Amino acid sequence: MAVSAIFGAKVKRREDPRMITGRGRYTDDVKLPGMLYAAFVRSPHAHARIKGVNIEKAKKIKGVVCIYTGKDTEGKVAPVPCAWQIPNADLKVPKYNPLAVDKVRYVGDPVAVVVAETPYAARDAAEAVEVEYEPLPAVVNQVEATEEGAPQLYDDVPNNIAFRWTLQGGDVEKAFQEAEIVIEQDLINHRLQPTAIETRGAVANYDPSTGELTMWMTSQNPHIHRFLISVMTGVPEHKLRVIAPDVGGGFGSKIHVYGAEAVVAFLAKELCRPVKWMEDRRENYLATIHGRDHIQHVRVAAKRDGTILGIEVKTYANLGAYLSTAAPGIPTWLFGLMLCGPYRIQAVKCEVIGVLTNTAPVDAYRGAGRPEATYILERIIDILARELGMDPAEIRLRNFIPADAFPYQTAAGPVYDSGNYEQAFKRALELIEYEKLREEQRRAREEGKLLGIGISSYVEICGLGPSRGVRATGFGLGLWESTTVRVHPTGKVSVYTGGHPHGQGEETTFAQIVAEELGIPIDDVDIIHGDTGEIPFGMGTYGSRTTPVAGGAIALACRRIKEKARKIAAYILEAGEADVEFEAGKFYVRGSPEKSVPIQQVALASYAAGEGEIPPGMEPGLESTVFYDPENFTFPFGTHVALVEIDPETGQVKVLKYVAVDDCGRQINPMIVEGQVHGGIVQGIAQALWEEALYDKNGNLLTATLSDYAVPTAADVPSFVTDSTVTPSPHNPLGVKGVGETGTIASTPAIVNAVVDALAHLGVKHVDMPLRADKIWKILKEKDIAK
Amino acid sequence: MYVRSFQYLAPKTVKEAVTLLNKLGGEAKVIAGGQSLVPLMKLRLATPSYLIDLNRVKGLDYIKDQKNRILIGALTRHAAIENSDLIKEHVPIMAEAASHIADPQVRNLGTIGGSLAHCDPAGDWGAVVIALNGEVKITGPRKDRVMKIDDFFIDTYQPNLKKGEILTEVRIPKPQPNSGGAYLKLERRAGDFATAGVAAQLTLDVDGVCRYAGIGLTALGPTSLRARKAEKTLLGRKVDDNSIEEAAEAAAEESKPTDDPLRGSAEYKRAMARVLTRRALKLALARATGGGA
Amino acid sequence: MARKKQLLETAETYVSVSMKVNGVPCSAKIEPRTLLVHFLRDVLGLTGTHWGCDTGNCGACTVIMNGKSVKSCNIFAVQADGAEIITIEGLAKDGQLHPIQEAFWENHGLQCGFCTPGFIMQAYWLLQQNPNPTEEEVRRGISGNICRCTGYQNIVKAILTAAEKMKR
Ligand SMILES: Cc1cc2nc3c(=O)[nH]c(=O)nc-3n(C[C@H](O)[C@H](O)[C@H](O)COP(=O)(O)OP(=O)(O)OC[C@H]3O[C@@H](n4cnc5c(N)ncnc54)[C@H](O)[C@@H]3O)c2cc1C
Ligand code: FES
Ligand code: FES
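Under an unreviewed UniProt entry, the name given to chain C is (2Fe-2S)-binding protein, and the source organism is Caldiarchaeum subterraneum.

The name given to chain A in an unreviewed UniProt entry is Xanthine dehydrogenase family protein molybdopterin-binding subunit, with Caldiarchaeum subterraneum as the source organism.

What follows is the structure in structure tokens.
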């Protein structure tokens, strides 16, 4: 494909004008006449039996329209389904009621819902609902939950174990037999709160005359929400329209189907009036999914020259109180498949025990499984290097899959599409001036300063994904993507995509694809997404899939249009189809470029459809609908390097320098790629240093406000140096790979490695995240550095 | 996010405000900057039936030069203190401290009076006013009371205010020549409440002997604390590495931190009391002797 | 008790407020507990001002009130009676984007756009206070706003660019 001025250009985003002027339209901006407001009554207990719900006082509050308890909605709103039922894991899917019926299982579990004329009255009444609880002992830690005598969340899930999943590739036993050195390490990848700045919410409106129910909601995937909410509420799928307007960030948390949205749909239908519900931040932190939360044990077999032979991982994954939509798949497939990372590891074994606890449900959060896998590898390879007296750079070079080995079959399962890991690695080290930094570090140590350099190399599986592959893992649907590209008679283009960008900028990059493919000015192309009433069934935006899969679909649709247009052009130009060339939006006869017809004229002809306009027998019109199912996942990769300094007296960590070199294949818009990387890096650094969802022993969330949960501000992070290499993916029409999660995956281990590196000369081998000042101080004190 | 219903009252004078507060008693709360109260109301942790707004009261928002004192009206915003030339000239530690409180938007509304009256041990002003040996003026249904700041903090969220009383003025004695101060705050992220904070103010005589030492501690006890022993350690002695180390040690001993799952153990905070006291004193010393930024 | 009742009667359940928002006078009868952010969004329909937390941390609700940036979730509308408010909708003049808006666009200073109005309004105030900020000053100046998408780098770049533009 020719690279034009448009594909690969830093085109300014087309979504911006509305957002910088305050004209973005988010779910809470939807206001309908006669609208009512819902508020949920949520459990203050982590584990309790519901003895009774008294709504008398609440009902009397002025403006209250109705109140439903879990008993009232039972049988009317079906339990929340789990859509990733992993096979061969003895999976147990306990009943997940939208409103709790007999028991509550985490603080924030909804018990009842109040509908009122104003949001104030709704909140007042929710507060006035009296629920009688019989508190039960709670368990929040996933290892403790599996032990003898632990509180049991469900009668039918013994020891709270929802599944046991294993993956094995290569000869692990042999690897450990042949090992010259074996390293073992316990690691904790702690729980995080996704924190999209827009909380979750929905507005539902029912038209009894047509039986149609329209929902505006904070969704990353409106069709999946329509599908599952239809199943839950009984509103037929073709009568349910889900509109995801502008969405204020998702990071995974708006993929899932929650009880609340279905209840809002149900209420609108029951009351025949529009109903709005928006979480406040506390509710968001209590009841929207959390991410990560692994307790891991790792063993690595290696040779003395640093070659890694095999890896064995046992993980306890905390799933929270209920199985959220994709919960079983995240700590298993999306984790285990990546346990070879960018290295030639010949044998891998992974056992995952999924555990239910009295905490908020855990599901996909930016990176979802892959950060957890990368963290293991990047920590363990550093630990191994130290044990062997090798430089962490050298050991990575020794183990990288070489550039000439692609496509590469890994022991864990995936076939990596393309890569040049060493190239990106070397570029990153060059940019940060690695050798010089090591020298600087040596000098700093002599002065009592604690400088650390951390390297993190990664490869990610994304572009989810080939449907057969995905279905084999038990995912509920294939992960192809759809599009309709419609060229109008005047040559303007509407593109309907099943992707639903909410910050990733595809309204711009997709228009760039169309402009490139069809030679039509970018301003003549519109991207329409997020409305099930307009777009073909689509899978939405997550897992860094939108550009490779939805973008791939668009490119294919454009190519089909081009083929038809070529036939029409040949007919108009009275030339053989084989003699017609296409360039910059014009068809011309090879050798005589003056004999040309622009695609806009072809478009008009296709609709006019008369004699001399389109070939006899051809269908009129110029559009194409494509359901594109990629042949493989994509595998972006790269290396990040961080320089940190620790205050030896306070334990505070400061990130001084940060270099990221990522390879996401071909870049449609480098400005947007860079933006994705920046944001990802900060989220990853935040996990390494500050953020942690903390429950106390009784299951109270201690980080239920944004003043407790420490999300970094601009003043807490440095500017980053970013660069890229370009290794196209051979597996999709555009050669792109996806870049939405790379930053988050790579940066967490880079920072932890840097901090441990700063302490390495004191004999520190590992520190669990988050690397809070008090934790580092404690280590420094033990080592007699801090007093 | 949606606060419980209340009735709003906007008195025009201190007298009116005090009368209202006296009549309405415990069901009423005054609101100044609202930057502590409104979040609590949104979480429904504070649910006053009456809100008495001080923002329409005339004559509570000022920074005045009065002979050997600076007078600061209770309604003076953190940002006004941060940017005041008078403050920067006489008590630069206050401008420094102000710049560490919360973030710019919160500083544009939050007030020094509200902060002190809120009696949050993690509030930054308490330690600073302690270090400066300030006083507060309390106005109520009876006679005005003036008290040392130390007497104002009774316990966490418990100011020394009787029924119907409000804090109306903060009085800061102007430091003598050869003075210097520093406020240091350890925070998890920018704008966070302190994990620990130390305000230190020194006055030296010509020989470098300490004539005045004020040391206040943030988030290191049930209220903002005075590190009395630490102050005593320095008084009458030459301020040097030795005496500073002793003072830092004393401050750590005097601090009464508690374990905090988010910001650190009592042990850690106590250690930080030592580190920050040492650093703040060194900086104050440098500033008193004409150095330091 | 009787006294209290009397007071109750003088303090109305609904209160009138008027203010000038983006130069336009407006007034309404509202419950005193209406936060300024809800007044702007729900009563005036100015939905460009967003909200993202309960505790005054995120800054998504930042507006200019009487020349100062404030978090409109941390003040009641009734307290803004008589005030002059500027929101994101009031920044562009005669269809011409404000230099800060331009700079956010040109420098990819936004992704999901939810935090953006708050950042732009805070930048507006910051550049009035300090027309020549350093990177460090910009970072501290916007530390009352949280963006989950951009990693801040391009926001900082946008504000520094805007400062340059505004000098011209
Ligand atoms: C995001 C955020 C971060 C913050 N970070 C910090 C920080 O790092 N450091 C810090 O010190 N503070 C911080 N604060 C709090 C802020 O400084 C507040 O402004 C301050 O604590 C209270 O002042 P106020 O004027 O806003 O008081 P209000 O919120 O109006 O009132 C607080 C309390 O004091 C009472 N009160 C107010 N004025 C008087 C008076 N004159 N007489 C008697 N009682 C009165 C009220 O009834 C109420 O109980 C933060 C606030 C926010 C929202
Ligand atoms: S809504 Fe978060 S600060 Fe106002
Ligand atoms: S652009 Fe999404 S939160 Fe800032």
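Participant: Residue-level account of the overall build of chain C, with values.
Facilitator: From N to C terminus, chain C includes six helices and five strands. Each helix (α) and strand (β) of chain C, taken in turn from the N terminus, gives the series α-β-β-α-β-β-β-α-α-α-α. The principal-axis extent of the C-alpha atoms belonging to chain C is close to 60 × 35 × 25 Å. Classification of the 168 residues of chain C by burial places 65% in the buried group. The positive charge centre, built from 17 side chains, and the negative charge centre, built from 15, are 5 Å apart in chain C.

Participant: Talk me through the packing of helix α3 (residues 99-106) of chain C against helix α6 (residues 153-167) of chain C; I want residue IDs and the actual numbers.
Facilitator: Residues and elements named next belong to chain C. Orientation of α3 relative to α6, taken along the N-to-C sense of each, is 135°, at an axis distance of 8 Å. By the criterion of interaxial angle, the relationship of α3 to α6 is oblique. Note on packing geometry: the crossing formed by α3 with α6 is right-handed. Residues Pro99, Ile100, Glu102, Ala103, Phe104 and Glu106 of α3 lie in contact with α6, whose contacting residues are Ile155, Ala158, Ile159, Thr161, Ala162, Lys165 and Met166.

Participant: How would you sum up the nonpolar core? Please name residues and give values.
Facilitator: In this structure, Met215(A), Tyr416(A), Tyr658(A), Leu759(A) and Phe104(C) are the most contacted members of the largest nonpolar core, which totals 265 residues. It is helix α12 (residues 266-288) of chain B that contributes the most residues to this core, 11 residues altogether. Ignoring anything within four residues of it in the chain, the contact list for Tyr416(A) reads Met338(A), Cys340(A), Gly341(A), Ile401(A), Phe406(A), Pro407(A), Tyr408(A), Thr410(A), Tyr421(A), Val459(A) and Phe635(A). Of all hydrophobic cores here, the second largest spans 48 residues; its members include Val525(A), Leu573(A), Val602(A) and Ile614(A).

Participant: Can you tell me about the site of ligand 1, naming the residues and giving the values?
Facilitator: Of all residues adjacent to ligand 1, which total 33 residues, the nearest are Val30(B), Gly33(B), Gly34(B), Thr111(B) and Asp124(B). More than one chain lines the surroundings of ligand 1; the residues nearby belong to chains B and C. Contact distances for ligand 1 include 2.9 Å between an oxygen atom and a side-chain N or O atom of Lys29(B). One of the backbone N or O atoms of Leu37(B) is found 2.7 Å from an oxygen atom in ligand 1. Here ligand 1 has 950 Å² of accessible area as a free molecule, and 95% of this is covered by the chains.

Participant: Quick one: what's the story with the confidence of the model for chain C, residue by residue and with numbers?
Facilitator: The share of residues in chain C with pLDDT of 70 or more is 93%, and the mean pLDDT across the chain is 94. Scored by ipTM, the complex comes to 0.96, with pTM at 0.97.

Participant: Can you break down the domain arrangement of chain A residue by residue, with the values?
Facilitator: All names here are of chain A. We note that the domain assignment places domain 1 (16-22 + 481-628) and domain 2 (421-461 + 634-787) within chain A. For domain 1 and domain 2, the distance between their C-alpha centroids amounts to 41 Å. Roughly 1200 Å² is buried in total at the junction of domain 1 and domain 2, and carbon and sulfur atoms are behind 63% of that figure. For the pair domain 1 and domain 2, the interface holds six residue pairs in polar contact (both at pLDDT 80 or more).

Conventions we followed
Residues numbered from 1 in each chain as written. Chains lettered and ligands numbered in written order. Predicted model: local features only at pLDDT ≥ 70, side-chain atom pairs only at ≥ 80, totals over all residues. Heavy atoms only, no water. Helix = DSSP H or I, 4+ residues; strand = E, 2+ residues; numbered from the N terminus. Buried < 20%, exposed > 50% of the residue type's maximum accessible area, 1.4 Å probe, protein only. Lys, Arg positive; Asp, Glu negative; His and termini not counted. Charge placed at Lys NZ, Arg CZ, Asp CG, Glu CD. Axes fitted to C-alpha atoms, helices over the stretch in contact; angles between N-to-C directions. Parallel < 35°, antiparallel > 145°, perpendicular 65-115°, else oblique. Left-handed = near helix turned anticlockwise from the far one by under 90°. Contact = heavy atoms within 4.5 Å. Core = buried A, V, L, I, M, F, W, Y, C linked by side-chain atoms within 4.5 Å. Near = heavy atom within 4 Å. Polar contact = N/O pair within 3.5 Å; in protein donor to acceptor, adjacent residues only side chain to side chain. Areas by Shrake-Rupley, 256 points an atom, 1.4 Å probe, with all protein chains shown as cover. pLDDT = per-residue confidence, 0-100. Domains from an automatic or database assignment. Buried area = accessible area lost by both parts, 1.4 Å probe.

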